[in-house]
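# Working through the structure, step by step
In case you want the letters, here they are:
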Amino acid sequence: MDVQPVTDLNAPVGADEFSALMENVGPWLPDVPEAPVGLAVSGGGDSLALAWLAKRWRRHVLAFVVDHALRPESGAEALLTVERLEALGLQARVLTLAPFPKGRLQERARDARFAALEEACVEAGCLDLLVAHHLHDQDETVWMRQHAGSGWRGLAGMEATSLRGRVRIVRPCLTLHPERLRATLRAAGLMWIEDPSNQNRRFERVRWRQDLFPTQREEAREWQVAAQSYRHSEDEILAALLAENAVWHSTGWVHLKPAGICENTLSALIRLVSGRPYRPSRGQVLALAQQGHGTLAGVIMRPAGRFGEGVMLVREERAVQRPVVAETGALWDRRWRCDADGLPTDCLIGALGDGALKMDTRRLGLPLGALRTLPALWQNGQIIGLPDVLKEAGAVPFLWAGGVPATGENGATG
């Protein structure tokens, strides 16, 4: 459905306009209690306006208020936001984050926030999570990426819909000016909280937000529209190349035929095999393609050997995550999620490693490097469970959970 632009910045966002925006980022599950739409609410004007609009659009919406616990007053502010949401008729829950390491504060806070939101959504049955990124957020993202020397993929900015782990992130307000969201709240007689960190010039995004001129924002939008169009056409070409030349194996590795070896395919497949949210740099990928073998971003590329012409891409053993506590739903190495119930309390999930030496890789039909980097269940230094993808005795259900599409981007920024 076409959404007609509204140029009056004092005009609230109407119910019909918002419904049209939501239709453009669908499809949606039926509006039933078992499948609420998740909503990330900080308490600020943008997310509170989204909450107000979402509740008028759909009955079953569940709001999550993240308390980063970085300021003494943040807990009280989270509870105040929950009260305001409940006054709107919205169910709301507070998610209080555990302390995280110092340094790169906004990046670490964003990662911790989305990890908590994903877990909460899965627990509540939410397949979709609404976030309130708006037009100015998109402008700032594009300028930040341009300043960092990003290519056209970066300049395409945030997507209106993207996958993050087990949840679809939906940004319905990317075309809306933030002042219109404030106007929506004022028209409804609603108050919001201003986070002081949004004025702290220690953070790069805040500096861009405060310093960009209107003409620069218009320039960013021109770049973004052109880059998105180019990215979509390139993704079609990439999808065709991968379909013709790449074989993805359920044990987490890829065989790529000679005709498919190029910058775009390698960049996408390295990201897929490693489970990392971002592609490696263009220069590094080009150097790897020219050399024909090597290690990049936690992935080893080597000749495919007995598997055919071309190369294989497998996870680098030295780069895999250390063992984690074995429990239902545990994510290991950003790639594998344990789906087993009733696990012993003293078990760990870690790489199979030397446990692979006793196994017949030829019979299993996979490279030794891929076998060594599969997850296994460990207890007191002994393997007590192998991943079910090996179809061996004592199998433990592990699901591939990289959450990284081969084409397109996550749109994880924000």
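Residues numbered from 1 in each chain as written. Predicted model: local features only at pLDDT ≥ 70, side-chain atom pairs only at ≥ 80, totals over all residues. Heavy atoms only, no water.

## Re the pattern of salt bridges
The following threshold applies: Between Lys or Arg on one side and Asp or Glu on the other, a salt bridge is scored when a side-chain nitrogen of the former is within 4 Å of a carboxyl oxygen of the latter. The numbering of helices and of strands both runs from the N terminus, where a helix is a DSSP run of H or I of at least 4 residues and a strand a run of E of at least 2. Here's how the labels work: a residue is buried when its accessible area is under 20% of the maximum for its type, exposed when over 50%, partly exposed in between, all with a 1.4 Å probe on protein chains only.
Within the structure shown, the criterion is met by 29 salt bridges. Of the charged contacts in the structure, one is a salt bridge between Glu-140 and Arg-209, with a shortest N-O distance of 3.5 Å. Taken together, the positions of Glu-140 in helix H5 (residues 135-147) and Arg-209 in helix H8 (residues 204-211) put the pair 69 residues apart, joining distant regions of the chain. Ionic pairing is found between Arg-231 and Glu-159, a salt bridge with its closest N-O pair at 2.2 Å. Of the two residues, Arg-231 is situated in helix H9 (residues 214-245) and Glu-159 in the loop between helix H6 (152-155) and strand E5 (161-164); the sequence distance between them amounts to 72 residues. Considered together, Arg-231 and Glu-159 belong to a single accessibility category, that of buried residues. What emerges from the salt-bridge pattern is a single network uniting Asp-139, Glu-140, Arg-205, Arg-209, Arg-217, Glu-218 and Arg-221.

## Describing the sheet that holds strand E12 (residues 324-325)
The condition is simple: Strand pairing follows a simple DSSP-based rule, namely that at least 2 bridges must link the two strands.
Spatial strand order, E12-E15-E16-E17-E18: five strands in an open sheet with mixed pairing. The open sheet has two edge strands, E12 and strand E18 (395-396), and neither has a second partner.

## Quick look at the UniProt feature "binding site: ATP" (unreviewed entry) in the protein chain
Quick reminder of the rule: UniProt positions are given in the numbering used here, feature names are shortened, and annotations may be inferred rather than shown by experiment. Contacts were defined at the residue level, with two residues in contact if any of their heavy atoms lie within 4.5 Å.
Those residues carrying the UniProt feature "binding site: ATP" (unreviewed entry) are Ser-42, Gly-43, Gly-44, Gly-45, Asp-46 and Ser-47 in this numbering. Judged by its relative accessible area of 2%, Gly-43 is buried. In this structure, Gly-43 is in contact with Thr-81, Trp-192 and Ile-193, ignoring residues within four places of it in sequence. Locating Gly-45 in the fold gives a position in helix H2 (residues 45-57).

## Considering the packing of aromatic side chains
Put simply, the test is: Only the six-membered ring of Trp is used, alongside the rings of Phe and Tyr, when aromatic pairs are assigned; centres must lie within 6.5 Å, and planes under 30 degrees apart are stacked while those over 60 apart are edge-to-face, with the rest tilted. In this analysis the charged atom, NZ for Lys or CZ for Arg, is taken to sit over a ring once it is within 6 Å of the ring centre and within 35 degrees of the ring normal.
Applying the stated rule across the entire model yields eight aromatic pairs. Measuring from centroid to centroid gives 6.4 Å for Phe-18 and Trp-57, while their planes differ by 85 degrees, and the two rings are edge-to-face. Taken together, the residues span a long stretch of sequence, with Phe-18 in helix H1 (residues 15-24) and Trp-57 in helix H2 at a distance of 39 residues. For the pair Trp-143 and Trp-208, a centre-to-centre distance of 5.8 Å together with 25 degrees between the ring planes defines the contact as stacked. Taken together, the positions of Trp-143 in helix H5 and Trp-208 in helix H8 put the pair 65 residues apart, joining distant regions of the chain. The residues Trp-143 and Trp-208 share a single accessibility class, namely buried. An aromatic cluster of at least three residues, connected via ring pairs, comprises Phe-18, Trp-28 and Trp-57. One Lys or Arg, Arg-168, reaches over the ring of Trp-28 and ends 4.8 Å from the middle of that ring.

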